[in-house]
Amino acid sequence: MNINTITAVYFVGAGGIGMSALIRYFLSKGKQVGGYDKTSSDLTAQLNREGAVIHYEDNISLIPDAFKNPAQTLVVYTPAVPESHTELTYFRQNGFEIMKRARVLGEITNCSRGLCIAGTHGKTTTSSMLAHLLKQSHVDCNAFLGGILKNYDSNLMLSAKSDLTVIEADEFDRSFHWLTPYMAVITAADPDHLDIYGTAEAYRESFEHFTSLIRPDGCLIMRKGIDVTPRLQEGVKLYTYSASEGGDFHAENIRIGNGEIWFDFVGPDIRIADIQLGVPVKVNIENGVAAIALAWLNGVTPEEIKKGMASFAGPKRRFDFHLKKENIALIDDYAHHPAELKASIQSVKELYAGRKVTGIFQPHLYTRTRDFAADFAASLSLLDELILLDIYPAREEPIPGVTSEIIFDAVTIPAKKLIRKGELLDLVEKEADTFEIVLMVGAGDIDRLIEPVKQILDKKL
């Protein structure tokens, strides 16, 4: 099937952040777009307003007639949808062309110069920074991102003049193997998704295979110290980067204070002094170095880089401030891996040295909780106070003996509580006047509690 000549596209699992970018892409091409998701959300409501037709019950009778012609309809699904899904089964039994989201993204972008950002963590912020640097410069770009950029209120960017496409390269289910990068970044390769990969070695090998897909005229930029051995085609250039001195691209003269971060960017034959981070979190120095390196290699000028970094507002749910007052701050972060969690907590504690930091964490997936319980506990023990919620299962069925309690029992700080999600608002109401800095963290549905928590804190404090 030629995705350029189809008339309709139906998405099974339409509410995922990666799926939503494809929905917006096909809407921009004038296709009829519809789909199913298990629950409604602000994002699916927005997609419906933009022209998609999304419903929330797995029911064949709810599929509109416009999507029932196999010759003209492409069906796109996410691996998070179970094989037993009724609508997906209907499409399989009736001769429809069915593709995983990752394959469709690969088909769309294989004729452009893909700038692909991969990694266990850091990829959403780095790819978002890069897209913003290119979009606000004379270079321009297309972008398929894993977060909603606050500068654009979207995770999709399209350009009439640029063949550069920024892609957040997802390692889940080996999705990034469908891509053909022109240039690539690997931000981290800490083991994750062991329910898919089985072992840490298989996970790293997946990244090594990803490096073999880079075009011979391109390059790979790897964070210094990553345990990945690249398998580059002849002609591919290899660079390293780091937050401080040591990488081919790095930061020097870092200044942190008064809620601001400034640094000098240094690379082969380039130095850009006095760059201000638009989102002043220490981990973003490293993300910024990688984004600036790719932007500079693709022709963005030093002046455009400085302007773009200072104006970058960040993606939603990546160190996102919802309250920022003298006596209280409420921060939302998507961190769901122990290394991400550690970096997020350390960044908050550095930004608010001497203040009490309360973390509200919702573990994501039974398998991830089982595989990394001790690491999660070590990261959460960096907090001053912990409120731990029950596990968000996403695509998984419960695993006997795997609950939030296995993390909770290993957390070493005395100020800790284990509660169910439904109990959180009552607890916040009761203890609001004891909070100073509140960090809400997780990749499940904890974000739906941010606004009510904000309202309680704002009213009380």
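Keep in mind it's a predicted model, so treat the numbers as computed, not measured. (Residues numbered from 1 in each chain as written. Predicted model: local features only at pLDDT ≥ 70, side-chain atom pairs only at ≥ 80, totals over all residues. Heavy atoms only, no water.)

### Things to note about the packing of helix 13 (residues 424–431) against helix 14 (residues 450–460)
Cut-off, in case you're wondering: Here the axes come from fitting lines to C-alpha atoms, over the contacting stretch only for helices, and the angles between their N-to-C directions go from 0 to 180 degrees. Runs of E in the DSSP output that reach at least two residues are strands. Runs of H or I that reach at least four are helices, and both are numbered from the N terminus. Reported orientations rely on four angle classes, namely roughly parallel under 35 degrees, roughly antiparallel over 145, roughly perpendicular from 65 to 115, and oblique for the rest. When the near helix sits turned anticlockwise from the far one by under a right angle, the crossing is termed left-handed; a clockwise turn instead gives a right-handed crossing. Should any heavy atoms of two residues lie within 4.5 Å, those residues are considered in contact. We call Asp, Glu, Lys and Arg charged. Ala, Val, Leu, Ile, Met, Phe, Trp, Tyr, Cys and Pro are nonpolar, and the rest, Gly among them, are polar.
The N-to-C vectors of helix 13 and helix 14 enclose an angle of 15 degrees; their axes lie 10 Å apart at closest approach. Taken as axis vectors, helix 13 and helix 14 run roughly parallel relative to one another. Considering the relative orientation of helix 13 and helix 14, their crossing is right-handed. For the pair helix 13 and helix 14, contact is made by Leu424, Leu425, Val428 and Glu429 and by Pro452, Val453, Ile456, Leu457 and Lys460, respectively. Considering only residue class, the contact of helix 13 with helix 14 consists of seven nonpolar, no polar and two charged.

### Some points on the UniProt feature "domain: Mur ligase N-terminal catalytic" (unreviewed entry) in the chain
Note the following rule: UniProt positions are given in the numbering used here, feature names are shortened, and annotations may be inferred rather than shown by experiment.
According to UniProt, the positions carrying the feature "domain: Mur ligase N-terminal catalytic" (unreviewed entry) are residues 9–110. Along residues 9–110 one finds 37% helix and 21% strand; the C-alpha atoms at either end are 19 Å apart.

### Section: helix 10 (residues 338–351)
Under the convention used in this document: Any helix carries an expected span of 1.5 Å times its number of residues minus one. Think of it in three bands: with a 1.4 Å probe and only protein chains considered, a residue is buried below 20% of the maximum accessible area for its type, exposed above 50%, and partly exposed in between.
The end-to-end C-alpha separation of helix 10 is 20 Å, in line with the 20 Å expected for 14 residues at 1.5 Å each. Residues of helix 10 that are buried: Pro338, Glu340, Leu341, Ser344, Ile345, Ser347 and Val348. Where helix 10 is buried, its residues meet helix 8 (283–297), strand 17 (329–333), strand 18 (357–361), helix 11 (366–380) and strand 21 (437–441).

### Some points on the layout of surface pockets
Put simply, the rule reads: A cavity here means a set of 1 Å grid points, computed over protein atoms only, where a 1.4 Å probe fits but cannot escape. A pocket is an open set with protein on both sides within 12 Å along at least 5 of 7 lines, and lining residues have an atom within 4 Å of a point. Grid points are joined across faces, edges and corners, and a volume is the space filled by probe spheres set on the points.
Size it by volume and the second largest pocket reaches roughly 220 Å³. Along its surface, the second largest pocket is lined by 14 residues, and Tyr25, Lys29, Asn142, Leu158 and Thr165 are the ones closest to its centre. For the lining of the second largest pocket, the elements supplying multiple residues, two or more each, are helix 1 (17–28), helix 4 (101–109) and strand 7 (142–149). Broken down by class, the residue content of the lining of the second largest pocket amounts to five nonpolar, seven polar and two charged.

### Quick word on the packing of helix 1 against helix 4
Between helix 1 and helix 4, whose axes approach to 10 Å, the crossing angle comes to 45 degrees. Our classification of the angle between helix 1 and helix 4 gives oblique. As helix 1 runs across helix 4, the sense of the crossing is left-handed. Between helix 1 and helix 4, the residues in contact are Gly18, Met19, Leu22, Tyr25 and Phe26 and Arg101, Val104, Leu105 and Ile108, respectively. Residues belonging to the contact of helix 1 with helix 4 are distributed by class as follows: seven nonpolar, one polar and one charged.

### Looking at the sheet that holds strand 14 (residues 260–267)
Condition: Note on pairing: two strands pair once DSSP finds at least 2 bridges between them.
With antiparallel pairing, the three strands of this open sheet are ordered in space as 13-14-15. The open sheet has two free edges, formed respectively by strand 13 (250–257) and strand 15 (270–276), since each of these has just one partner strand. This sheet shows a mean twist of 10 degrees between the axes of neighbouring strands, independent of strand direction. Pairing analysis gives six bridges linking strand 13 to strand 14, with the strands arranged antiparallel. Within the sheet, the bridge partner assigned to Gly257 lies in strand 14 and is Glu260. Each of strand 13, strand 14 and strand 15 is contacted by helix 8, which is oriented at about 45 degrees to strand 14, the strand it contacts most.

### What about the domain arrangement of the chain?
In plain terms, the rule: Domain extents, as shown, originate in an automatic or database domain assignment. Throughout, buried area stands for the accessible area (probe radius 1.4 Å) lost by two parts on being put together, summed over both. We count a salt bridge whenever a side-chain nitrogen from Lys or Arg sits within 4 Å of a carboxyl oxygen from Asp or Glu. Residues adjacent in sequence count toward polar contacts only when both atoms are side-chain atoms; beyond that, a polar contact is any pair of N or O atoms within 3.5 Å, and within protein one must be able to donate a hydrogen and the other to accept it.
Examined at the domain level, the chain breaks down into domain 1 (6–100), domain 2 (111–309) and domain 3 (318–457). With 19 residues of domain 2 in contact, the opposing surface of domain 3 contributes 16 residues. Across the interface of domain 2 and domain 3, roughly 1,500 Å² is buried in total on both sides, 54% from carbon and sulfur atoms. Close ionic contact of Asp320 with Lys150 constitutes a salt bridge, the shortest N to O distance being 2.6 Å. Inspection of the region where domain 2 meets domain 3 yields one residue pair in polar contact (both at pLDDT 80 or more). For the side of domain 2 that touches domain 3, the secondary-structure elements that each account for two or more residues are helix 5 (123–135) and helix 6 (194–197).

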